[in-house]
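Reading the structure
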Amino acid sequence: MPAPLEDVADALRRMMDLLLRVDDDPALGHITSELHAVSDLLEAEFDDERPFDKMLHSDAPRHDPVSGVENAIAPPIVVEVDSDGTAHAEVDFGLPYQGPKGLLHGGISALFLDHVLSLANSNNRSGVDNGFLVTAQLSLRYHKPVPLFERATVSARQTSIDGRKVRAAGEISVGGEVAVSAEGLFIATRIRPADVPGDKGGA
Ligand SMILES: CCCCCCCCCC(=O)SCCNC(=O)CCNC(=O)[C@H](O)C(C)(C)COP(=O)(O)OP(=O)(O)OC[C@H]1O[C@@H](n2cnc3c(N)ncnc32)[C@H](O)[C@@H]1OP(=O)(O)O
């Protein structure tokens, strides 16, 4: 059963999508007031948490903009990792991710590939120094546009480990054809998960 915060994020996702479908209209003034009233309530009742701490210390990240179930910006995707280490997720991109008319924004492709490449590496890090893996280089090739409202698959696999340097490659495919391909270099930082008070590890 979804947690209340997941439900709220889901409601917000629905609203963001609807707002991209309406025309500019003075009647929207009343919606603005209602939204501010909800935000005022949230600010008054729940604004005392330190959000960075919450993100760092959760067992499973729930706030990132790709798979974060509590982040309305995220669709969110569910990334599965196979026994061979391939990470993959399926997603139907909607209007909030539009770039050219009816097509996925290229920067959003980069965001999703960065995330899934990163997870392919995080789940295969034996032999890698025990620091956070961060993206040092991400190279993309846009072969075909990614249409909105069609099932896209984002997949990635680790390609090499060389000390602190870990590489991965992946792609976004639609209808079995590669639309965007990516290669990434990730580097284990000198900051180790154990150096972050209370942290349980992670990417
Ligand atoms: C589910 C929840 C979350 C899931 C994960 C989502 C995360 C998605 C991934 C991200 O978005 S991470 C955030 C974006 N990335 C960053 O903010 C990284 C910013 N850059 C850095 O912090 C540093 O530049 C970096 C740690 C990458 C490297 O700094 P260092 O001082 O540790 O590197 P150093 O100079 O010691 O170099 C180590 C090796 O890497 C090489 N290197 C460093 N930076 C490089 C680079 N940018 N390109 C190519 N090679 C690089 C360097 O040449 C050297 O090679 P050798 O060992 O062969 O000599």
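None of these values were measured; they are calculated from a predicted model.

**A word on the pairing of strand β6 (residues 177-188)**
Sheet topology places strand β3 (residues 133-142) next to β6; 9 bridges connect them, and they run antiparallel. When the bridges of β6 are listed, Ser139 appears paired with Glu183. In this sheet, β6 lies alongside strand β5 (residues 165-174) in antiparallel orientation, the contact comprising 10 bridges. Paired with Ile172 across the bridge in β6 is Val180. Linkage of β5 to β6, two consecutive antiparallel strands, is achieved through a turn of 2 residues, within which Gly175 is found at a positive phi near 60 degrees.

**A few points about the domain arrangement of the protein chain**
By the assigned domains, the protein chain splits into domain 1 (4-46) and domain 2 (51-195). One C-alpha centre belongs to domain 1, the other to domain 2; they are set 28 Å apart. Each side of the interface is counted separately: domain 1 has 9 residues, and domain 2 has 14 residues. Looking at the side of domain 1 facing domain 2, the largest losses of area belong to Leu5, Glu6 and Arg13, adding up to 52% of the total buried there. One can count 1 salt bridge joining domain 1 with domain 2. Residues Arg62 and Glu6 are paired through a salt bridge, measuring 2.7 Å at the closest nitrogen-oxygen approach.

**Side note on the pattern of salt bridges**
Taken as a whole and assessed by the stated rule, the structure comprises 8 salt bridges. One salt bridge in this structure joins Glu177 and Lys144, with 2.4 Å as the shortest N-O distance. With Glu177 in strand β6 and Lys144 in the loop between β3 and β4 (151-162), this pair connects stretches of sequence that are 33 residues apart. Since its relative accessible area comes to 41%, Glu177 is described here as partly exposed. It is possible to trace a salt-bridge network through shared partners that takes in Glu6, Arg62 and Glu70.

**Re the site of the ligand**
Near the ligand lie 16 residues; those nearest to it are Thr135, Gln137, Arg164, Lys165 and Arg190. Gln137 places a polar side-chain atom, nitrogen or oxygen, 3.0 Å from a nitrogen atom of the ligand. Interatomic distance of 2.7 Å between a side-chain N/O atom of Lys165 and an oxygen atom of the ligand. For the ligand, the protein covers 50% of the area, taking 1200 Å² as the surface of the free molecule. If you list the elements that add at least two residues to the shell around the ligand, you get α4 (106-122), β3 and β6. Looking at the shell around the ligand, the element that brings in the most residues is β3, giving 4 residues. Grouping the constituent residues of the shell around the ligand by class yields 6 nonpolar, 5 polar and 5 charged.

Definitions and limits used
- Residues numbered from 1 in each chain as written.
- Predicted model: local features only at pLDDT ≥ 70, side-chain atom pairs only at ≥ 80, totals over all residues.
- Heavy atoms only, no water.
- Pairing = 2+ DSSP bridges.
- Helix = DSSP H or I, 4+ residues; strand = E, 2+ residues; numbered from the N terminus.
- Domains from an automatic or database assignment.
- Contact = heavy atoms within 4.5 Å.
- Buried area = accessible area lost by both parts, 1.4 Å probe.
- Salt bridge = Lys/Arg side-chain N within 4 Å of Asp/Glu carboxyl O.
- Buried < 20%, exposed > 50% of the residue type's maximum accessible area, 1.4 Å probe, protein only.
- Near = heavy atom within 4 Å.
- Polar contact = N/O pair within 3.5 Å; in protein donor to acceptor, adjacent residues only side chain to side chain.
- Areas by Shrake-Rupley, 256 points an atom, 1.4 Å probe, with all protein chains shown as cover.
- Nonpolar A, V, L, I, M, F, W, Y, C, P; charged D, E, K, R; others polar.

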